[in-house]
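Summary of structural features
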Amino acid sequence: MIVAKTLEEFIQARQALPHQESIGFVPTMGALHQGHISLVEHSVAKCSHTIVSIFVNPTQFNNPQDLATYPRTLEADCALLEKSGVDIAFAPRVIDIYPTPDNRVFDLGGLDSYGEGPRRPGHFNGVAQVVTRLFDIVKPQHAFFGEKDFQQVAIIKYFTRNLNYPIEIVQCPILREDDGLAKSSRNTLLTPAQREAAPHIYKCLKKAVEYAATMSPAEVIAAVTGEIDANPELETEYIELVDADTLRPIAAWSDAENVQLWCAVYARPVRLIDNIKIR
Ligand code: AMP
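The residue count restarts for each chain, going from 1 along the sequence in the order it is written. Two thresholds apply to this predicted model, a pLDDT of at least 70 for residue-level local features and 80 or more for giving and counting side-chain atom pairs, whereas whole-chain, interface and lining totals are computed over all residues. Excluding hydrogens and water, the side-chain figures rest on all heavy atoms present in the structure.

1. Details of the pattern of salt bridges
Defined as follows: Salt bridges are defined by distance alone: a side-chain nitrogen of Lys or Arg within 4 Å of a carboxyl oxygen of Asp or Glu. Secondary structure follows DSSP: runs of H or I at least 4 residues long count as helices, runs of E at least 2 residues long count as strands, and numbering of each begins at the N terminus. Burial here depends on accessible area, computed with a 1.4 Å probe over protein chains only, as a share of the maximum for the residue type. Under 20% is buried, over 50% is exposed, and the range in between is partly exposed.
Across all of its chains, the model carries 14 salt bridges by this definition. Here Lys207 makes a salt bridge to Glu227, at a shortest N to O gap of 3.0 Å. Placement of the pair is Lys207 in helix α10 (residues 199-211) and Glu227 in helix α11 (residues 217-229), with a sequence separation of 20 residues. Of the charged contacts in the structure, one is a salt bridge between Arg271 and Glu237, with a shortest N-O distance of 2.8 Å. Here Arg271 is found in strand β9 (residues 270-277), whereas its partner Glu237 is found in strand β7 (residues 235-243), with 34 residues between them in sequence. Judged by relative accessible area, which is 30%, Glu237 ranks as partly exposed. Connected via shared salt-bridge partners are Asp66, Arg120 and Arg186.

Rendered as structure tokens:
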């Protein structure tokens, strides 16, 4: 595996890959865990070569403290990637991705109007900035993203089509710890008490699936919010039931064919997100 730490090193390594073969790409912010590796495994199974980027993208952080404390573990990350059959690990500097400030504003089709969008202003535009720059540099045929960030994959699918990138976006399922907590780089920032409390989130999301059989959407949200917040370590920021295709919140079950529940919950100062398919 080649570790490219500059754009120049990456371009050299990328040119050395056979031209006719299919390139799979897994963009990450590092602090890798099995959830990331599951995306890598999907890519290795489907593509002849796999490239993983490790880049903590400043333009998608709207909270400077979150950016400053984001875990960085490059050496351990590279060891994991090497074992997983990756061809190139691309860990660029900020100047390689943003030689000049990126002022582009993307059409996200309104898919950023709910969920994380209003709570993290500029976040999804920052995601679009970094993902398009990485697509332009890496030039993959397939790119792999996790359903852990349900809204993010939908938005990436949208602008990939909208901008005519000849790239297939592959959506991969959420990988969880044995206790149900969605694997996340941010989990390492939890105190032991918070880590013990955090699996409560997924337990409550599973209850939402049951509640949906007898309650209205508003009742489900109220019940699940109450149950999460009953744990003193946790504080719900939002829970929404949305149309899984348009990402619009629903008022009645008949508003959508496919329904997803998504949420953000604080174990302060750490913010955890999760989601589950309701139907
Ligand atoms: P991040 O490093 O957090 O930007 O995540 C990089 C990619 O890994 C994104 O596509 C995430 O959705 C995905 N990912 C993160 N955690 C998980 C998980 N627990 N299961 C599946 N995919 C994940």
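Next comes the rest of the account.
2. Structural notes on the domain arrangement of the chain
To keep it simple, the criterion reads: Those domain boundaries reflect an automatic or database domain assignment. Contact between two residues is taken to exist if any of their heavy atoms lie within 4.5 Å; hydrogens are not considered. Accessible area, probed at 1.4 Å, shrinks when two parts are joined; the buried area is that loss added up over both. In protein, a polar contact requires one atom able to donate a hydrogen and another able to accept it; more generally it is a pair of N or O atoms within 3.5 Å, and residues adjacent in sequence count only if both atoms are side-chain atoms.
Segmentation of the chain into domains returns domain 1 (2-172) and domain 2 (185-277). Using C-alpha coordinates to define each centre, domain 1 is positioned 26 Å away from domain 2. In this complex, domain 1 contributes 21 residues to the contact, which on the side of domain 2 involves 18 residues. With both chains or domains summed, domain 1 and domain 2 bury close to 1700 Å², and 56% of this area falls on carbon and sulfur atoms. When the buried area of domain 1 at its contact with domain 2 is split by residue, Tyr114, Arg119 and Phe150 rank highest and sum to 36% of it. At the junction of domain 1 with domain 2, the criterion picks out 3 salt bridges. Linking Glu116 and Arg271 is a salt bridge whose minimum nitrogen-to-oxygen distance equals 2.8 Å. Counting the contacts that link domain 1 with domain 2 gives 10 residue pairs in polar contact (both at pLDDT 80 or more).

3. Some words on the packing of aromatic side chains
How two aromatic rings sit relative to each other is set out by the distance from centre to centre and by the angle between their planes. Definition in use: Only Phe, Tyr and Trp rings are paired, with Trp represented by its six-membered ring, and only when their centres lie within 6.5 Å; those with planes under 30 degrees apart are stacked, over 60 edge-to-face, the remainder tilted.
Throughout the structure, instances matching the rule amount to 7 aromatic pairs. Each ring, one from Phe61 and one from Tyr70, has its centre 5.7 Å from the other, and the planes form 75°; the classification is edge-to-face. Exposure class is identical for Phe61 and Tyr70. Each is buried. Measuring from centroid to centroid gives 6.3 Å for Phe150 and Trp262, while their planes differ by 65°, and the two rings are edge-to-face. Residue Phe150 is found in helix α8 (residues 150-162), and its partner Trp262 is found in strand β8 (residues 259-267); the two are separated by 112 residues along the sequence.

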